[in-house]
Amino acid sequence: MGIFSKLFGKEVQVYALVGESGTGKSFRAKLLAQKYDIHALIDDGLLIQDDKILAGKSAKHEKTYMGAVRVALFDDKEHRDQVARVLQKNKIKSILLLGTSEKMVGKIAVRLQLPPPQKIIKIQDIASREDIEKAIRSRQIEGKHVIPVPAIEVQKSYPKIFYKSIQELLSKGKSKLSGKKEATMSEKSIVTPAFSKKGRIEISEAALSQMAMHCVSEFDSDIRIKKLSIKSDKHGYRLVITVDVPFGKQLTGLIHNLQQYIIENIERFTGILVEEVSIIIDKITGLGPTQDSYRKL
């Protein structure tokens, strides 16, 4: 158990719910938590337990999409340290992390000093295609977001983003006394953040290319970029960079460190997720023409 045993006394059980933005993760979080006997949630920068916001700040409070992503990823040290301290103080035994991808929930776990998720549930495993499409339309057309706590709790912490409350009937299984199914009423809050009114913001390939080139130059000004291509899908961005490297460089360590430098800096300054950076060495400069090297790392 290592470091996690020291931090929590006993290793906390970590679960994750992943799905694209607007597919209904927050709406279904409580039902999933009840099914797996999970005691707390991490959703969009908030630590939630027993219908109360224990710590953190809401990404829904941000005015820009990029700002919201940074909050959801606990990019700010003070923010993540505060939540990590409350997690330890309350001795939470199990927790559900919500995120748009496995990489995102993994990053949240590391930043909150939690073990990696032991079970990852995909939104399509617990919601029908029709429900997911309905949730996406609600997000895209009306800009509606869900926070899995009662309206009064949201209003207390974030009065400016309060919108309205909704209720959901949760099945608790059969009662030991009556043998009949029991149910509880769960309340959630629908909010309309400022950034959602402007639609989803995506970074342009031109801006991302400039950032990547700046990172390479800042990391080692002797490395020359010959070609750079960018691909994106629902999971994030993938960069392929072809470079010339001067003779005498320790290639393996250099390329690995360059990859990490590009990923960390782009994610830190933009909030987007970079799934992969491939570095192709086209030429080792300073050698004869017959000694040129080509390799992909």
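Structural notes, computed from the coordinates. Since we're looking at a predicted model, the values are computed, not measured.

What counts, and at which threshold
- Residues numbered from 1 in each chain as written.
- Predicted model: local features only at pLDDT ≥ 70, side-chain atom pairs only at ≥ 80, totals over all residues.
- Heavy atoms only, no water.
- Helix = DSSP H or I, 4+ residues; strand = E, 2+ residues; numbered from the N terminus.
- Buried < 20%, exposed > 50% of the residue type's maximum accessible area, 1.4 Å probe, protein only.
- Contact = heavy atoms within 4.5 Å.
- Areas by Shrake-Rupley, 256 points an atom, 1.4 Å probe, with all protein chains shown as cover.
- Expected span 1.5 Å × (residues − 1).
- Arc of directions from axis to C-beta.
- Axes fitted to C-alpha atoms, helices over the stretch in contact; angles between N-to-C directions.
- Parallel < 35°, antiparallel > 145°, perpendicular 65-115°, else oblique.
- Left-handed = near helix turned anticlockwise from the far one by under 90°.
- Phe/Tyr/Trp six-rings, centres within 6.5 Å; stacked < 30°, edge-to-face > 60°.
- Core = buried A, V, L, I, M, F, W, Y, C linked by side-chain atoms within 4.5 Å.
- Pairing = 2+ DSSP bridges.
- Salt bridge = Lys/Arg side-chain N within 4 Å of Asp/Glu carboxyl O.

Quick word on the overall build of the chain
Moving on, step 1. Helix and strand content of the chain: ten helices and 13 strands.
Moving on, step 2. The buried share among the 297 residues of the chain stands at 45%.
Moving on, step 3. The contacts in the chain between residues at least 6 apart in sequence include a share of 68% that link residues at least 24 apart.
Moving on, step 4. Here the chain displays about 16,300 Å² of accessible surface, and carbon together with sulfur accounts for 50% of that area.

Focus on helix α9 (residues 205-219)
Moving on, step 1. Here α9 contains 15 residues, and its C-alpha end-to-end distance of 21 Å stays within 8% of the 21 Å for a straight helix at 1.5 Å per residue.
Moving on, step 2. Leu208, Ser209, Ala212, Cys215 and Val216 are the residues of α9 that are buried. Considered in projection along α9, the buried side chains sweep an arc of 125° and stay on one side of the axis.
Moving on, step 3. Contacts from the buried residues of α9 go to β10 (224-233), β11 (236-246) and α10 (251-270).

Regarding the packing of α9 against α10
Moving on, step 1. Here α9 crosses α10 at 135°, and the two axes come no closer than 10 Å. By the angle between their axes, α9 is oblique relative to α10. The crossing of α9 and α10 is right-handed. Of α10, the residues touching α9 (which contributes Leu208, Met211, Ala212, Cys215, Val216, Glu218 and Phe219) are Leu254, Asn257, Leu258, Tyr261, Ile262, Asn265, Ile266, Phe269 and Thr270.

Focus: the side chain of Thr242
Moving on, step 1. Along the polypeptide, Thr242 turns up in strand β11.
Moving on, step 2. We classify Thr242 as buried; its relative accessible area is 13%.
Moving on, step 3. Beyond its immediate sequence surroundings of up to four residues, Thr242 is in contact with Arg224, Ile225, Lys226, Lys227, Ile280 and Asp282.

Regarding the packing of aromatic side chains
Moving on, step 1. Here the structure, examined in full by the defined rule, presents two aromatic pairs.
Moving on, step 2. Between Tyr15 and Tyr36, the aromatic rings sit 5.5 Å apart at their centres with planes inclined by 35°, giving tilted as the arrangement. Here Tyr15, found in strand β1 (residues 13-18), pairs with Tyr36, found in the loop between α2 (25-35) and β2 (40-43); they are 21 residues apart in sequence, far enough to count as distant.
Moving on, step 3. Relative accessible area serves as the criterion here: at 25%, Tyr36 is assigned to the partly exposed category.
Moving on, step 4. Taking the centre distance of 5.6 Å and the plane angle of 50° together, the rings of Phe219 and Tyr261 count as tilted. Pair noted here: Phe219 is in helix α9 and Tyr261 is in helix α10, with a separation of 42 residues, a long-range link.

Quick look at the environment of Ile262
Moving on, step 1. Among the structural elements, Ile262 can be located in helix α10.
Moving on, step 2. In the structure, Ile262 is positioned 43 residues away from Phe219 in sequence and 8.7 Å away in space, judged by C-alpha atoms.
Moving on, step 3. Sequence-distant contacts of Ile262, that is, excluding residues within four places in its chain, are made with Cys215, Val216, Ile241, Val277 and Ile279.

Thoughts on the nonpolar core
Moving on, step 1. Leu47 and Ile95 are the most contacted members of the largest nonpolar core, which has 54 residues in total.
Moving on, step 2. Ranked by the residues each element gives to this core, the list is headed by α10, at seven residues.
Moving on, step 3. Filtering out sequence-adjacent residues up to four positions away, Ile95 remains in contact with Val12, Gln13, Val14, Tyr15, Ile38, Ala40, Leu41, Ile42, Leu47, Leu87 and Leu114.
Moving on, step 4. Among the nonpolar cores identified, the runner-up in size contains 13 residues, and Ala29, Ile38, Leu46 and Ile121 belong to it.

A word on the sheet that holds strand β6 (residues 119-122)
Moving on, step 1. The strand order β4-β3-β2-β5-β1-β6 describes an open sheet built from six strands, whose pairing is mixed. Looking along the sheet, the strands with just one partner apiece sit at the ends: β4 (52-56) and β6. Here the strands of the sheet are splayed against their neighbours by 25° on average, with no regard to which way each runs.
Moving on, step 2. Bridge count between β2 and strand β5 (residues 94-99): three bridges; the pairing is parallel. Among the inter-strand pairings, Ile42 is bridged to a residue of β5, identified as Leu97.
Moving on, step 3. Sitting on the sheet, α2 touches β1, β2, β5 and β6, and the angle it makes with β5 is about 160°.
Moving on, step 4. Strand contacts of helix α4 (residues 77-89): β2, β3 (46-49), β4 and β5, with the helix running at about 130° to β4, the strand carrying the most contacts.

Let's talk about the pattern of salt bridges
Moving on, step 1. Scanning the entire structure with this criterion turns up six salt bridges.
Moving on, step 2. A salt bridge links Asp75 to Arg111, with the shortest nitrogen-to-oxygen separation between them at 3.7 Å. Of this pair, Asp75 sits in the loop between α3 (65-72) and α4 while Arg111 is found in helix α5 (residues 102-111), placing the two residues 36 residues apart along the sequence.
Moving on, step 3. Taking relative accessible area as the criterion, Arg111 reaches 21% and is therefore assigned partly exposed.
Moving on, step 4. For Lys226, the salt bridge is made with Asp282, and the minimal N-O distance between the two is 2.7 Å. One end of the pair, Lys226, is in strand β10; the other, Asp282, is in strand β12 (residues 274-285), and 56 residues separate them in sequence.

Points about the environment of Val14
Moving on, step 1. Among the secondary structure elements, Val14 is positioned in strand β1.
Moving on, step 2. Val14 sits 83 residues away from Leu97 along the chain, and the two C-alpha atoms are 7.4 Å apart.
Moving on, step 3. Excluding anything up to four places from it in sequence, Val14 contacts Ile95, Leu97, Leu114, Pro115, Pro116, Pro117, Gln118 and Lys119.

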